[in-house]
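Per-entry structural report
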Number of protein chains: 2
Amino acid sequence: MLSRAGPTAPCDSVDLDHGEKLSNELRIIPLGGLGEFGMNMMAIESGSDLIVVDAGTLFPGPERPGIDVIVPDLAYLLSRKENLRGLVLTHAHQDHIGAVAHVLSRLDVPVYGTAFTLGLVRKQLSEFSFHKPPHLVTIKPGESLVLGRFTVEGIHVTHSTVQCMALAISTPAGYVLHTGDFKIDQTPIDGRKFDFAKFAEYGDRGVLLLCSDSTNSDVPGFCKSERAVTTALDRIFSGAEEALFFTCFSSAIHRVQQIVDQAVEHRRKVALVGRSVSTACDIAANLGLLRMPPGTMVRPHDLRTYPRRDRVTIIAGSQGEPMSSLSRAARGRHNTVEIEEGDVVAFSAKMIPGNEARIYRMVDHLYRQGASVLYGGNCPDLHVSGHPCQEELKLVLNLVRPRYFLPVHGDYRQLAQHRRLASEVRGRELEESWVLENGQILQFDEFGARVLPDKAPVGHCLIDAGTGEEVLGDAVMWDRRRLSNFGVLVPVVTIDERKGEATDVEIISRGFVGSEDAKALLDETTSAIQTAIAKSTRAELRNLEVIEDRIRNGVQRHVARKTARRSRPLVVPVVLDA
Amino acid sequence: MLSRAGPTAPCDSVDLDHGEKLSNELRIIPLGGLGEFGMNMMAIESGSDLIVVDAGTLFPGPERPGIDVIVPDLAYLLSRKENLRGLVLTHAHQDHIGAVAHVLSRLDVPVYGTAFTLGLVRKQLSEFSFHKPPHLVTIKPGESLVLGRFTVEGIHVTHSTVQCMALAISTPAGYVLHTGDFKIDQTPIDGRKFDFAKFAEYGDRGVLLLCSDSTNSDVPGFCKSERAVTTALDRIFSGAEEALFFTCFSSAIHRVQQIVDQAVEHRRKVALVGRSVSTACDIAANLGLLRMPPGTMVRPHDLRTYPRRDRVTIIAGSQGEPMSSLSRAARGRHNTVEIEEGDVVAFSAKMIPGNEARIYRMVDHLYRQGASVLYGGNCPDLHVSGHPCQEELKLVLNLVRPRYFLPVHGDYRQLAQHRRLASEVRGRELEESWVLENGQILQFDEFGARVLPDKAPVGHCLIDAGTGEEVLGDAVMWDRRRLSNFGVLVPVVTIDERKGEATDVEIISRGFVGSEDAKALLDETTSAIQTAIAKSTRAELRNLEVIEDRIRNGVQRHVARKTARRSRPLVVPVVLDA
């Protein structure tokens, strides 16, 4: 299935001259990642062949309480499972590979990616069991992969992790170039440059559609090279008198390399602490992607035998995850890691929005231990973004010169701004561009390019943190938000059907305000229930659903009326016969 | 009570020479704002006199579901209400004045502040009713206010709102200088400079204790002048072809002035939309603090009669508050405001951490309307901080040259970094400094300065969003978090005491995962309850509490065991007699 080759020609029948009609049908269906940050997944379909680019996860915000992670709804792929030719992964970040296990538990599909990407995928899959062993196939940039009527070539791009690829996909309608995530790092840490030549080569051949990373499309200028962080690291190493701690994303192999290199230069020993960091580094080291000199690397336990001023710890937990190594160390609850007066803890990672509060709580704990902490606020040059800013996006647009443009990976505002950039750069040479929402189907056929009126089924599968099960329907989230904001009232109502009255009403409340005023409110509510029951006919009293409804509405209306602020606790009536 | 005067001399008995003992007792008790962002409040006490600096609110994070706002616990003040001489407000921000109504509903105390500060307080108080009309007294910088044995002088400082004061408080132990919130703006919009001379004058006289704003103590350099925003505004006004919208904090009077000035220059008309913005601007304008030329200002309704390219709207809602004017306009649901293709919406305000998600959702809606949106990400020069960075803090330390230093207003990390700055600047001239937590009592007396072993009662009063009542105790929050993450199970269990068994068990669930697997889990749980009941003795079955406990524990244990991920729904047992 794999063959080493240069760019493959698109199918003969396609003519890419502007203005001419396209002779073969192609459908692009974003299944995730458009209008949201994460959960990237795109289906590319032609006739009876379908390939998927990436399968990522999305992290739930506070509006999704009790949810561990969000994965894409696979309904569209399930309805076409016999057409599925492959899942191609661009790189090793969770928002691109996090849902691979979810996909493989439901679909029998080979997975393609670079060695490092598949290394992390393999690790992830080892936590699940599958009917059939997953079929993972390592590919390299420059190789051509034939998947039905598609031929896919990976193109090396620079990014914040290693072995990242853009994908040039030869389709019956022409070339589709999908950038994956990238930045244009002119001085990459591993020396492997962004493959400008290949982008230009495809540009020369004529690209039908460019799908490009929009994460930083709102940021003017160029993204700084990963190498820019070296200056800050050198300053930290030169100035430190005691132990040094660094935390970064586990897949930030370039960053780990920079820290290890500094440690070699400053004759310090390095330990990796935390499963995610050591797993990713082991995979990278085994692939020759990370140079960790044995004289420098020591086990966490052994690091303690060296003087404090000779120690460097690279530790997992940059996002303040409560059970992470750094979080435990900050609270003085780690077996092997102790953070002491005079130590420096440096955050070499972005604070993902939504995580600030818990990260800062951890930073506060580190200060309580007497450490100096370096983070974005007081040391902004300790991290650079991994995504392309406006000038990089323009460069790619000019290299690739696509006829059509679809911004991917981003919220609506980022897609919209990226689309405007493309219009500025390509002017009238760009036939059309779109800001699509997930599930919209972009079709190329003999009539040209258009968004179909019908949508593919898409959505968020919410994986419950408590049970690990998929949460079905919106009702659970709706209830949780309401429970979370207002609590729950359980009116236990005993009804004497003959007398037509509630002989006993007790309201149990949890998470409802505990004040004296609230107690009085509940007492009044009891009377409101009794009145509602007294007003009901015999026939109504015989119908449990009607009675439950009446109690629920009675309680909700009474509480809302009495609280001008509109308290809306969840009401769970329990009705008993006298 | 008010007298115009220069700095007042501290009481005669105090000798501020280094090394000598202090002859009069003074206690500084932070009641809020230390170790947190917001809810600033400090008690200053000597003998039977007590004054309070500021009474602010704190905004609840997602770990406080259903809470509207957090105000300080007043127990310490209530226990000394006969000693309370005054509440002195430094400036008009909510984290300094938001809890004034809460204070006045419980304590009879005069409130002092500048005209603008009290204007906003008065507006806030108008929403409440009080037994006694509040006693609000306007003070000006340079005036001395005698409050028991304290004399307080306001000192004009620059900040992101108008009429802000530091407080120089003459106490029996010496001068306490409290900066309030400030920045050192060398080119303030209203031309009223930071009063360096007064700071220096107190420095010359000798200051016992400096309490200084730590919000930006982790940021190197100087904070940019408010005037720095003018360049960005001018660029926006010059380039815009259609209607312009600006959103900022309602009390950001300088910012409003800059926008109005630009509108005059570019011959546009300005409307203020949103109650909070127009209230604050009206108060400022009436005090001569905001120049709004009548030919420029028009009512929102009338703005529509002008061509789009002549319109400017200053609109409330920079934090994405769901019911704000901007939020409604973004969704096309505002009566008078329409945002259309080609309009520019500019955010001239900080995104408060925690609000990003909803702000960005609003930005996405604005893009859907076809607007261009300028915000921190794509236009960082549209806002500057209002708080002092490290060089400004150093300058104040060198002007005031205090013997003791207490960093205030900030999380632990900011207080700790501010304390280190003070050590660097003052070296051995600083006798001592502290990072205190709320409630710790800093005492100055004949034995010197020390933190007392006992703490004052402090805490967060959580005001429930639903009922407007104070949430008493931690149990409600605990329950809400649990309800929010896992939902609620209501096992309704009918027990036949004679038979010693559960004749009927039904489990009602809400907010619990809705999957088939979860239904199976609940069925099993039913059996677990029946087993638990069958194992109970007659005596136990007669004790409702024991039985409820047994059911609750049985359900919780069963669900936890069956969900390796440890689901912990709230369990509310309802037990009935057969």
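Residues numbered from 1 in each chain as written. Chains lettered and ligands numbered in written order. Predicted model: local features only at pLDDT ≥ 70, side-chain atom pairs only at ≥ 80, totals over all residues. Heavy atoms only, no water.

For the rest of this paragraph, the subject is the state of the cysteines. The full count for this structure, using the stated rule, is zero disulfides over all chains. Among the cysteines around Cys281(B), which has no disulfide bond, Cys248(B) carries the closest sulfur, lying 7.3 Å off. (Disulfide = S-S within 2.5 Å.)

When the parts of a complex come together, some accessible area is lost, and that lost area is often used as the size of the interface. Listed per partner, the contact involves 66 residues of chain A and 66 residues of chain B. When the buried area of chain A at its contact with chain B is split by residue, Arg413(A), Arg510(A) and Arg565(A) rank highest and sum to 12% of it. At the junction of chain A and chain B, the tally comes to six salt bridges. A salt bridge links Arg368(B) to Glu437(A), with the shortest nitrogen-to-oxygen separation between them at 3.4 Å. The interface formed by chain A and chain B contains 30 residue pairs in polar contact (both at pLDDT 80 or more). Residue composition of the side of chain A that touches chain B, grouped by class: 29 nonpolar, 17 polar and 20 charged. (Contact = heavy atoms within 4.5 Å. Buried area = accessible area lost by both parts, 1.4 Å probe. Salt bridge = Lys/Arg side-chain N within 4 Å of Asp/Glu carboxyl O. Polar contact = N/O pair within 3.5 Å; in protein donor to acceptor, adjacent residues only side chain to side chain. Nonpolar A, V, L, I, M, F, W, Y, C, P; charged D, E, K, R; others polar.)

Pairing of side chains with opposite charge becomes possible as their charged atoms draw close. Per the counting criterion, the structure on display carries 66 salt bridges over all chains. A single salt-bridge network, built from bridges that share partners, covers Glu25(A), Arg27(A), Glu45(A) and Arg80(A).

Right, let's talk about the environment of Ala228(A) for a bit. Residue and element names in this part refer to chain A. Counting through the fold element by element, alanine 228 comes out in the loop between strand 13 (207–213) and helix 6 (229–239). Spatially, the C-alpha atoms of alanine 228 and valine 384 are 7.6 Å apart, while their sequence positions differ by 156 residues. With sequence-adjacent residues up to four places away left out, alanine 228 is seen in contact with Asp381 and Val384. (Helix = DSSP H or I, 4+ residues; strand = E, 2+ residues; numbered from the N terminus.)

On inspection of all chains with the given rule, the structure shows 20 aromatic pairs over all chains. Ring centres of Phe128(B) and Phe130(B) lie 6.5 Å apart, and the angle between their planes is 40°; on these two criteria the pair is classed as tilted. Here Phe182(B) and Phe194(B) contribute two aromatic rings whose centre-to-centre distance is 5.9 Å and whose plane-to-plane angle is 45°, an arrangement assigned as tilted. With Phe182(B) in the loop between strand 12 (174–178) and helix 5 (196–205) and Phe194(B) in the loop between strand 12 and helix 5, the pair connects residues that are twelve residues apart, well separated along the chain. Look at Phe182(B) and you get buried, because its relative accessible area is 0%. Residue Phe194(B) is classed as buried on the basis of its relative accessible area of 3%. Here the aromatic residues Phe182(A), Phe194(A), Phe196(A) and Phe199(A) are joined through ring pairs into a cluster of three or more. Across the ring face of Tyr412(B), the terminal group of Arg368(A) is positioned such that the distance to the ring centre comes to 4.4 Å. (Phe/Tyr/Trp six-rings, centres within 6.5 Å; stacked < 30°, edge-to-face > 60°. Buried < 20%, exposed > 50% of the residue type's maximum accessible area, 1.4 Å probe, protein only. Lys NZ or Arg CZ within 6 Å of the ring centre and 35° of its normal.)

Its rotation angle being 180°, the transformation that places chain A on chain B also includes 0.0 Å of axial translation and leaves an RMSD of 0.1 Å. The superposition of one copy onto the other is thereby described by a two-fold rotation axis. Every residue of chain A has its C-alpha some distance from the rotation axis, and the shortest such distance is that of Ser484(A), at 2.2 Å. A shared interface surface links the copies, since 100% of the contact residues of chain A are contact residues in chain B too. (Least-squares fit on C-alpha atoms with pLDDT ≥ 70 in both.)

Residue and element names in this part refer to chain A. The strand order 15-16-14-17-18 describes an open sheet built from five strands, whose pairing is parallel. With one partner strand each, in any of the chains shown, strand 15 (269–273) and strand 18 (372–374) form the two edges of the open sheet. Between one strand axis and the next, the sheet turns by 20° as a mean value, whatever way the strands run. Where strand 14 (residues 244–247) meets strand 17 (residues 344–347), four bridges bridge the pair, whose relative direction is parallel. Within strand 17, the position partnered with phenylalanine 245 by the bridge is valine 345. The strands touched by helix 6 are strand 14, strand 16 (311–315), strand 17 and strand 18; relative to strand 14, the strand with the most contacts, the crossing angle is about 155°. This element, helix 11 (residues 356–368), spans strand 17 and strand 18 of the sheet and lies at about 165° to strand 17. (Pairing = 2+ DSSP bridges. Axes fitted to C-alpha atoms, helices over the stretch in contact; angles between N-to-C directions.)

Time to look at the sheet that holds strand 5 (residues 67–72) of chain B. All names here are of chain B. One open sheet accounts for three strands, arranged 5-23-24; its pairing is antiparallel. If you trace the sheet from one side to the other, it starts and ends with strand 5 and strand 24 (470–471), each paired once. Here strand 5 runs beside strand 23 (residues 460–464); their pairing, made up of five bridges, is antiparallel. Bridge pairing links isoleucine 67 to aspartate 464 in strand 23.

Residues and elements named next belong to chain A. For strand 25 (residues 488–496) and strand 26 (residues 501–510), the ladder comprises nine bridges, and the chain directions are antiparallel. Bridge pairing in strand 26 links aspartate 496 to glutamate 501. Counted between consecutive antiparallel strands, the loop separating strand 25 from strand 26 contains four residues, among which glycine 500 sits at a positive phi close to 70°.

Residues and elements named next belong to chain A. Located in the positive-phi region is glutamine 163, a residue other than glycine, with phi close to 50°. Topologically, glutamine 163 is positioned in the loop between strand 10 (150–157) and strand 11 (164–171). The phi torsion at arginine 401 lies on the positive side, around 45°, for a residue other than glycine. Using a relative accessible area of 36% as the deciding quantity, one classes arginine 401 as partly exposed.

Residue and element names in this part refer to chain A. Tracing the backbone through its elements, the reader meets proline 30 in strand 2 (residues 26–32). When the C-alpha positions of proline 30 and serine 48 are compared, they lie 18 Å apart, and in sequence the two are 18 residues distant. Here proline 30 is in contact with Met41, Met42, Leu436, Glu437, Asn438, Gly439, Gln440 and Val458, once residues within four sequence places are set aside.

The next point concerns the confidence of the model for chain A. Residue and element names in this part refer to chain A. With 96% of its residues at a pLDDT of 70 or more, chain A has an overall mean of 93. Of the regions scoring below 50 in pLDDT, residues 1–22 engages in 76 contacts with residues more than four places distant in sequence or in other chains. The complex model carries a pTM of 0.91, and its ipTM stands at 0.88. (pLDDT = per-residue confidence, 0-100.)

Moving on: the pairing of strand 21 (residues 440–445) of chain A. Residues and elements named next belong to chain A. In terms of burial, strand 21 is largely enclosed, as five of its six residues are buried. As paired strands, strand 2 and strand 21 are joined by three bridges and run antiparallel to one another. Within strand 21, the position partnered with arginine 27 by the bridge is glutamine 443. Here five bridges tie strand 21 to strand 22 (residues 448–455), and the two strands are oriented antiparallel to one another. Paired with glutamine 440 across the strands is lysine 455, a residue of strand 22. Hairpin connection from strand 21 to strand 22: two residues lie between these consecutive antiparallel strands.

All names here are of chain B. You can call glutamine 163 buried: its relative accessible area is 17%. A distance of 3.3 Å separates the side chain of glutamine 163 from the backbone nitrogen of alanine 115, its partner in a polar contact. Polar side-chain contacts of glutamine 163 include one of 2.8 Å to the backbone nitrogen of phenylalanine 116. The residues touching glutamine 163, leaving out its near neighbours within four places in the chain, are Thr90, Thr114, Ala115, Phe116, Thr117, Leu287 and Leu289.

Attention shifts here to helix 17 (residues 544–562) of chain B. All names here are of chain B. Under the 1.5 Å per step criterion, the end-to-end length of helix 17 is 27 Å for 19 residues, consistent within 8% with the ideal 27 Å. Taken as a whole, helix 17 has its buried residues at Ile547, Ile551, Gly554, Val555, His558, Val559 and Ala560. Buried residues along helix 17 sit in contact with strand 25 (488–496), helix 15 (516–534), helix 16 (538–542), strand 27 (570–571) and strand 28 (574–577). (Expected span 1.5 Å × (residues − 1).)

All names here are of chain A. Inspection of the secondary structure assignment puts serine 433 in strand 20 (residues 432–433). Residue class for serine 433 comes out buried when judged on its relative accessible area of 7%. A polar side-chain atom of serine 433 sits 2.9 Å from a polar atom in the side chain of arginine 419. Discounting chain neighbours no more than four positions away, the residues touching serine 433 are Phe405 and Arg419.

A word on the packing of helix 4 (residues 115–125) of chain B against helix 8 (residues 275–286) of chain B. All names here are of chain B. As a packed pair, helix 4 and helix 8 sit with axes 10 Å apart at the nearest point and diverge in direction by 140°. When the interaxial angle is binned, helix 4 and helix 8 end up oblique. When you trace helix 4 past helix 8, the crossing you get is right-handed. Between helix 4 and helix 8, the contacting residues are Phe116, Gly119, Leu120 and Lys123 on the first element and Thr279, Ala280, Ile283 and Ala284 on the second. Grouping the constituent residues of the contact of helix 4 with helix 8 by class yields five nonpolar, two polar and one charged. (Parallel < 35°, antiparallel > 145°, perpendicular 65-115°, else oblique. Left-handed = near helix turned anticlockwise from the far one by under 90°.)

Here we come to the packing of helix 12 (residues 390–400) of chain A against helix 13 (residues 412–426) of chain A. All names here are of chain A. With their axes 10 Å apart at the nearest point, helix 12 and helix 13 run at an angle of 50° to one another. When the axes of helix 12 and helix 13 are compared, the pair comes out oblique. As helix 12 runs across helix 13, the sense of the crossing is right-handed. Contacts between helix 12 and helix 13 pair Gln390, Leu393, Lys394, Leu397 and Asn398 from the former with His418, Leu421, Ala422, Val425 and Arg426 from the latter. The residue makeup of the contact of helix 12 with helix 13, split by class, is five nonpolar, three polar and two charged.

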